[in-house]
Amino acid sequence: MVTGKTIAIATAVTAAVAGLSYVAYFDYKRRNDRQFRRKLQRNRKKAEKTAQKVSSLSLDDINDQALELLNIVTKEKLPESAEDKEQFFLAQVSRGETLCSAGPAGYTEAACRFYQALMVYPNPVELVMIYQKTTPEEVFKLVMAMMAQEVRQKQSRYFDAFPTADKFVSIKDKNKLGASKGKKAEEGKEVVTPNRGLFATKSFEAGEIVYEEDAVVSTLLPCAQNGQFCYHCLKHIPETKDRVEEAQDETEPAEKVAEEPVEDAEEAKAEETEDKGDEEKLDEEKLDEEKVSEEKTEEVEAETEAVAIPAADADEEEEEEEPKTYAEAISVGLTPEFSAKSSSALACDKCHEAVYCSEKCRQDAYDGYHQFLCPSSTSSTAREFALLTQQSHELAPILIAKFFGLLVDREKKKELARALGVAGETTEADKYTTWEHLECMRYLELLPTTSDARILRKLGELMSHSVPGLVEFVTSDRYTMLKGKLDYNAYAVHTDVDVPTASESEIVSDTMRDDHGASAVGTALYLISSHIAHSCDPNAQAVFSEGTDKIAIKTLKPVDKDEELRVSFVDPSLRKEDRQKLLKASYRITCTCPKCESEVSEEKEEEVVEEPVAEEKSVEAVEEAVAEAKSEEAVEEPAVEQESEEIVGEDGEITEEEGEVSEDEASENGDDEEEEDEE
């Protein structure tokens, strides 16, 4: 009886013999058949030409091809559940690898498969880095081009979905609306985006809040990193003693109010007793009442002493056992703000430099970025990175490092919420990642510096373990672009608390939108507010009413529906020349707002009025000078004689004694002259 094992062995032997026979036949045909050799050569040349054609495609050709492929793959329905996504991903990657092994002829379809796998992968950036290392260059270029085309299509729909309707604003292209026709000089040529602005979707009165918005990323200025402000939300952290004094001030009036009714009741009672006193009462009854009142008084005094003594002891104990650390504050039931000094109580357990206003801020900061930015971590890379950023006098490296850490953390939390089924309803705007929001912002084209290269290299070493693929993704161009976006869109965050004046070593070169004259506590980036344009005569202003980095746009004037919101990027109280210099140097903007135009017209009017007046005065002065010169020449000698003859005395009369010489004096003078001649 033939077993299954025998059949399997026979089948394997047959396949091996057939394979060897084909190899022998192929080698025989290659050696002896000229036509077969020519066919092989033609196929090889065709494959080489195809590969050369794909590699030599221009960027425009690749983009056109990627757009065609994208229109094809978008018709395919993607899975929704986690299990289906995993199976779909594995199938697409396997299919793509098979097509790549087939040669250049399968590169186009392989790019489509890899792109579909990318659409369901939870961390697209990481998968892109894997593609860059494992797939042929032609396939990788096509995949990246398809992603770029998809981003462009998504961006075209972005401003229809974002901002959401509850913010009462919309982003519109002013070129399409015709609102900025002939005003291209207002935005610098290097600002690489369409001329978009933020418009109100309803009317607002002056002083109203249009919307509020949380920061994407923020950081304290060096001068504010003194333990008084939260390193995460930038909130001022008051000390416990101040809070206790405030609490005592609030409780003292209440105690006084509580004591007053008791005293009034006792007085009323005493008066009642006196009024109701009966002279006819017996002496014994009076004595009994006095004894009872004395006993009650003694009891009340005893109770008062018993209550007062523990209270004093409690105060002494509180002063002695006042919690000085976060753990002690929690153990005695105090909130984090009520520790001996909230800044030290909520400090980082490792570096003790970063301080926070609440446990939530401390945890969010650690999950997002402080776990690898902490200068007291086991690695020395964090300390070296902090030193480089300090020497560069820039906040951009810190903001970029925080941004990527928060970006990965937010996407992980979103994916976890989806997996647990607690994500809730998602809007069209929720489909966009923070990076996609950032790509829609305008930015300044900057040139990379030598310090940028060192900081970028150190940033890759610092975050490569926490953010896989960051080194390959954040190239020098992308890093410079991120700096340009921060320079153009970041806002200065202000607080009601006085901020220490920055020393020379604490001054930073970063640009911030700041219309306040006072110093700021930090800088922050926002998704919606970044699209607000500048005006030296703004109709809105950025305020921070909660004392944190949460921004609120408040109207300064009545704003109509569909009217553009504008804030001032600089202090509007400055002179026009100073404003223009700041705008040109920081934002490459030549402002043509009504305020600047009116100041220009006023200057011109002053010049037109003043110049003729100056000319008339000069002519009159010349004519007067000529007339005076002529009159002096005509009366020069008589004037001298008159001066010698008319001398005014003390009483106002003209005397002749000094003006005339007597005959005796004349003869004496003559005799003296004759004697001198004889000698």
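Structure: above.
As the structure is a prediction and not an experimental result, all values here were calculated from the model.

As a further point, take the overall build of the protein chain. Of the regular secondary structure elements, the protein chain holds 23 helices and 10 strands. Expressed as a percentage of the 679 residues in the protein chain, the buried residues total 35%. At a minimum sequence separation of 6, the contacts of the protein chain that also span at least 24 residues come to 71%. Accessible surface computed for the protein chain: about 42800 Å², of which carbon and sulfur atoms make up 51%.

Before going further, it helps to examine the sheet that holds strand E3 (residues 209-213). With antiparallel pairing, the three strands of this open sheet are ordered in space as E3-E9-E8. A strand with exactly one partner marks an edge of an open sheet, and here the two such strands are E3 and strand E8 (540-543). If you compare each strand with its neighbour and ignore which way they point, the axes differ by 20 degrees on average. Here E8 runs beside strand E9 (residues 551-555); their pairing, made up of four bridges, is antiparallel. If you follow Val543 over to E9, its bridge partner there is Ala552.

It is a probe the size of a water molecule, rolled over the atoms, that shows where empty space is left. By volume, the second largest pocket amounts to about 1000 Å³. Lining the second largest pocket are 34 residues, with Glu213, Asp214, Ala215, Val216 and Arg410 sitting closest to its centre. Listed by contribution, the elements that provide at least two residues to the lining of the second largest pocket are E3, strand E4 (217-220), helix H13 (359-373), helix H15 (396-420) and helix H16 (434-439). Its residues placed into classes, the lining of the second largest pocket shows 13 nonpolar, seven polar and 14 charged.

Quick look at the side chain of Thr480 now. Turning to its location among the elements, Thr480 is positioned in helix H19 (residues 476-489). With residues up to four places along the chain from it excluded, the contact list for Thr480 reads Leu446, Leu447 and Pro448.

This part covers unusual backbone geometry. In this model, Phe162 is joined to Pro163 through a cis peptide bond whose omega is 0 degrees. Within the secondary structure, Pro163 sits in the loop between helix H7 (137-161) and strand E1 (169-173). Phi at Phe168 is positive, roughly 60 degrees, even though this residue is not glycine. Looking at the secondary structure, you find Phe168 in the loop between H7 and E1. The phi angle at Leu234 is positive, at roughly 70 degrees, despite the residue not being glycine. Examined against the element boundaries, Leu234 turns out to sit in the loop between E4 and helix H9 (240-275). Using a relative accessible area of 1% as the deciding quantity, one classes Leu234 as buried.

Turning next to H13. Along an α-helix, residues three or four apart share an orientation, since each turn contains 3.6 residues. Taking 1.5 Å as the rise per residue, H13 with 15 residues should run 21 Å; its terminal C-alpha atoms sit only 18 Å apart, a clear shortfall. Where H13 bends most, the angle comes to about 65 degrees, and this point is Asp367.

Right, let's talk about the side chain of Arg113 for a bit. Positionally, Arg113 belongs in helix H5 (residues 107-120). Within the structure, the side chain of Arg113 is placed 2.8 Å from the side chain of Gln92, a separation counted as a polar contact. Setting aside residues up to four positions removed in sequence, Arg113 forms contacts with Val73, Glu76, Gln92, Arg95, Gly96 and Leu99.

This part is about the sheet that holds strand E6 (residues 522-525). What the three strands build is an open sheet, ordered E4-E6-E5; its pairing is antiparallel. With one partner strand each, in any of the chains shown, E4 and strand E5 (491-493) form the two edges of the open sheet. Direction aside, the axes of adjacent strands within the sheet are offset by 25 degrees on average. Relative to E6, E5 runs antiparallel, the two being bridged by three bridges. Bridged to Ala492 within E6 is Thr523. Running over the sheet, H15 touches E4 and E6 and is turned about 140 degrees from E4.

Tracing the chain through its elements places Leu67 in helix H3 (residues 59-73). Judged by its relative accessible area of 31%, Leu67 is partly exposed.

Procedures and definitions
Residues numbered from 1 in each chain as written. Predicted model: local features only at pLDDT ≥ 70, side-chain atom pairs only at ≥ 80, totals over all residues. Heavy atoms only, no water. Helix = DSSP H or I, 4+ residues; strand = E, 2+ residues; numbered from the N terminus. Buried < 20%, exposed > 50% of the residue type's maximum accessible area, 1.4 Å probe, protein only. Contact = heavy atoms within 4.5 Å. Areas by Shrake-Rupley, 256 points an atom, 1.4 Å probe, with all protein chains shown as cover. Pairing = 2+ DSSP bridges. Axes fitted to C-alpha atoms, helices over the stretch in contact; angles between N-to-C directions. 1 Å grid on protein atoms, 1.4 Å probe; cavity = no way out; pocket = protein on both sides within 12 Å on 5 of 7 lines; lining within 4 Å. Points joined across faces, edges and corners; volume = space filled by probe spheres on them. Nonpolar A, V, L, I, M, F, W, Y, C, P; charged D, E, K, R; others polar. Expected span 1.5 Å × (residues − 1). Bend = angle between axes of the 7 residues up to and from the residue. Polar contact = N/O pair within 3.5 Å; in protein donor to acceptor, adjacent residues only side chain to side chain.

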